[in-house]
Structures are given as C-alpha cells and as structure tokens.
Amino acid sequence: MESAALNLVNATLNWVTMALNAPSARAVVFGVHIGGHLFVEVLLLVVILFLLSQKSYKHPKRPLTKKEIDELCDDWVPESLIPPITEEMQSEPPVLESAAGTHTIINGKEVVNFASANYLGFIGHEKLLESCTSALEKYGVGSCGPRGFYGTIDVHLDCEARIAKFLGTPDSILYSYGLSTMFSAIPCFCKKGDIIVVDEGVHWGIQNGLYLSRSTIVYFKHNDMESLEKTLEKITAGNQQAKKLRRYIVVEAVYQNSGQIAPLDQIIRLKEKYRFRVLLDESNSFGVLGGSGRGLTEYCGVPIEKIDIVTAAMGHALATEGGFCTGSARVIDHQRLSSSGYVFSASLPPYLASAAITAIDVLEQNPDLTSKLKENIAILWKGLSDMKGLSVASNPESPIVFLRLEKSTGSVKSDLQLLEEIADRALKEESIFVVVSKRSTLDKCPLPVGIRLFVSAAHSESDLLKACSSLKKVAAAVLRDQIHR
C-alpha cells in the first residue's frame, strides 16, 4: 500500500517537473530568476518529511498457532557451545608415567626430559619429599577455605615471610595457583581508564590479567627498549590527562615465548623518566638468575625497591605449586582485600607451602645450584648454536633455550607441523623429550613459534650433548628440503 502511494507521488512529481520546466513556469522575483526545478525540490522535501513523520507499518498482533510454533522450533539451530574441533586440536600430548625429573618414563621408555621447567632439579628432592610428608601428617591435604575465611594456616604465613626475607622485601602474599597470581594481581591494581604498556611477547597468564583489568592496553615491540621509549613518549607528550592516570609497564623477566631476558636496568631508567609503575613477572627467573637465584633484580643489579610489583609462579624452580606477589606492605595488604584469586580461592595446600620453604632453604644452602645451571645452559646453547634449519633465539643465559625455524614457511600452521614432527621424532627415535610452543586460540602472542628446551641443574653433560646431537640429526632429516632452498 505504501509502495503504491510512493509510485503515485513519483508519477505526479514527474508531471509537475515537466510542467514547471516550461517557459511559462519561470518567474522573476525581486530581480532573481527562479526556475520550476526549485519548486519541485521544495515539494520533494515536503513529501519526504511527510513520509518520515508517518508511523511505520506494523503487523497486526496475534498469537502464533501451534503449527507455526512447531515449524519455528524445527527450523531453529542452536549456537554451538564450543568452536568446531579442528585436526590440530585433537592431538594428545605425551603422558608421563613417572616423576617429571630430568629423566622420565613415556610409553614405558626412559627419556631425557627437556619439557619440564625443573630448573634446580628439585623434583623428587629428598628434603622436599620429607617436608611434604611431615606437612601432610600434620595438616592433611587441603585447607577447605579461602585465606580470609579460616583458610589461613601458620605454614602460609611462614612461607610468605620466607619469600620476603629471601628477596629482601617487606612482605609477600601467596596464591593457590601460579597463573591466578597474574590473573588477580593485575586487575587488583589496574582498573578501567588506567594505561598499561606491555611487551607484545608476554605469556597468556599476563594477557588474561590485562583483559580482566579493562585498562587501556598499549603494546611495544618484543624486548625493544627503543620501541618502549617511543610508546611512553607518545602516551605522555603533551597529554595532561595521561599524567593524571595510573600508568604501568608490564614485562616478564625471562620471556616464556622467546627465552629472552628483559633489560631491567633500562626499563627502570624509562620508568623513572616517564613516571610509570613497573609490574615484573619473575616466574622463569626466580631461583635461576643472579648469583644467589634472587632473580632479575639481582642479575641486573637493580634494587628490588625500584620494582613496584613482583609476581612469580612457584611451579618452576621451586618444584612446588602456587604463586606469590612481593613488594611493599601497602601493595600486599591491598591484595588481601581486593585480589580475587586470594579472597575467593581456597588457600594453597599446606604441604605445598612447606615444600616452597624447604626449596628456598636448599637453594640458599647450595648456591652452586645456580652455577651448575648456568654451566648447563652454556653447554646446550653452544651445542645448538650451529644447528642447520633452526636457530637459537633465546638469551645465552636464559634457562629456556628457544629454537626457531631459520626460514619460516609463511604459515604458522605449517611451521607448527614441521616443529611438531621434529619433536615427535626426537622423542620416538632419540628418546629426547622437548616441547613445541603451541598456543591456544586465546593466546594472542604474535612471536614466531618454536621448540622450547627447559634446562635443569640436574641434567648431566651427557644428557645435554645427546640432546644437541639428536636434535641436529632429526632437524636435518625433517628440514632437508628447506635447508637446500
């Protein structure tokens, strides 16, 4: 009906246009020549305004019949709860049949393990086992309550005090799970409207914490201090509003996705110049870097007081579980009231806190552990540095030796297939267990994928040399076509 009316109006307007364009339709008003087309345009505007003012046509309301309801139900297709399962998602990782030490059992066969971040060789350590056993006998397995609701046990307070004393900070706070430390600490301090400048290579735990914070996130190029300075300059230059906001720099000490070590001294210089706060994740450097294993601050000679927030997972060097945040008393007290992972999660099982205390004691009593780890890293790094088809992308002092393809195929999927074939053949043919840095669909890290080798102080020289020769042999076979291009 409305369409027919429009057609009638258009036909009428066409006739009027022809009539008004005739010589008789022209006039002179106050010496100005007015053509018929001006009248038509005004008339069109009036018609358009009239049509826009009319109420839109609505279908008369009536209840659907049972037949119509059944037809709609038959046609409806519910949205899938999960994305389609691809072939890559269906792959199953190897299953360990013994402790994840430097040697483990997979499919009934002993292999050399470079897939576990057992940096100090504490997995299966006699003193840690004794500590866990006595804690289990005294406290049982779990706490059955969050820290603020009768889940605090004396061993938790002892562990927090031990970590703070070891690192030289006023206080520390324990979390039940390593990743939940980053999930909780970042949103605890960073809120909507705050600015966070972060390295593009950070691991997924930090990425998720950034997402939960709802802050404005700005990435800089991986471990590139020139890019960081340009980013900080761009944010602060002439921006009076930015100076009133809370501003943070978030970095890892040792990057899990590349094995690179952050230049903390330069970061602190930029922090002080542009007046930002620094959040440092020491998950892969705590117990590893520095003369006594106190992490990146000791390694770079930076006073820990210059770092506003330090986090770390305890599932690596300490061979236990959980995580911690350390810093000033105000930083720690704020988390006890506002950090979701601390307030709402059941507290860390007491035997794991006891194991962490013992691990720090053993590390302090055996400073040669970090020296041995450095020697092993140097042996493996040197042995793999002349590898054909793959190159070592990690820092020479990093406990994560990271291998990347010298020539990418141009596709992440194809690169992963090549790397996984190398890892699979190394395990099946050479009994060397390594891991590919495969990322989930949630992980937005843009860095190239590669093969990660976690070096341990407990690896023997023969383990390291075997890994070098085996990986060279397998990589040469898998990448033969690529190498000769």
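Everything below is about the structure printed above this text.
Please read all numbers here as calculations on a predicted model, not as lab measurements. (Residues numbered from 1 in each chain as written. Predicted model: local features only at pLDDT ≥ 70, side-chain atom pairs only at ≥ 80, totals over all residues. Heavy atoms only, no water.)

K.L.:
Just to check I follow, could you spell out the packing of aromatic side chains for this structure?
P.N.:
By convention here, two paired aromatic rings are described through the distance between centres and the angle between planes. Under the definition given, this model contains five aromatic pairs. Ring geometry for Phe-183 and Trp-204: centres 5.4 Å apart, planes at 90°, overall edge-to-face. Remark: Trp-204 occurs in helix 8 (residues 204-213) and Phe-183 occurs in helix 7 (residues 178-189); sequence separation between them is 21 residues. Taking 5.2 Å as the distance between ring centres and 70° as the angle between the ring planes, the aromatic pair formed by Phe-286 and Phe-324 counts as edge-to-face. (Phe/Tyr/Trp six-rings, centres within 6.5 Å; stacked < 30°, edge-to-face > 60°. Helix = DSSP H or I, 4+ residues; strand = E, 2+ residues; numbered from the N terminus.)

K.L.:
Help me out: how do you make sense of the sheet that holds strand 13 (residues 400-405) in this one?
P.N.:
In a beta sheet, neighbouring strands pair by backbone hydrogen bonds and run either parallel or antiparallel. Read from one edge to the other, the open sheet built from four strands follows the order 12-13-16-15, with strand pairing classed as antiparallel. Of all strands in the sheet, those bounded by a partner on one side alone are strand 12 (390-392) and strand 15 (435-436). The sheet contact formed by strand 15 and strand 16 (residues 451-454) spans two bridges and is antiparallel. In the sheet register, Val-436 faces strand 16, and the bridge partner there is Ile-451. (Pairing = 2+ DSSP bridges.)

K.L.:
Which parts of the structure should I look at to understand the packing of helix 9 (residues 225-236) against helix 11 (residues 264-274)?
P.N.:
Two quantities define a packed helix pair, namely the angle between the axes and the distance from one axis to the other. Axis separation between helix 9 and helix 11 bottoms out at 11 Å; the angle between their running directions is 10°. Considered as vectors, helix 9 and helix 11 are oriented roughly parallel to each other. Facing Met-225, Leu-228, Glu-229, Leu-232, Glu-233 and Thr-236 of helix 9, the residues of helix 11 in contact are Gln-266, Ile-267, Arg-269, Leu-270, Lys-273 and Tyr-274. In terms of residue class, the contact of helix 9 with helix 11 is built from six nonpolar, two polar and four charged. (Axes fitted to C-alpha atoms, helices over the stretch in contact; angles between N-to-C directions. Parallel < 35°, antiparallel > 145°, perpendicular 65-115°, else oblique. Contact = heavy atoms within 4.5 Å. Nonpolar A, V, L, I, M, F, W, Y, C, P; charged D, E, K, R; others polar.)

K.L.:
Explain unusual backbone geometry here, please?
P.N.:
Glycine aside, negative phi is the norm for most residues, and most peptide bonds take the trans geometry. Not every positive phi belongs to a glycine, and Tyr-150 is a case in point at roughly 65°. If you check the backbone angles, Asn-223 has positive phi at about 55° while not being a glycine. By secondary structure assignment, the location of Asn-223 is in the loop between strand 7 (216-220) and helix 9.

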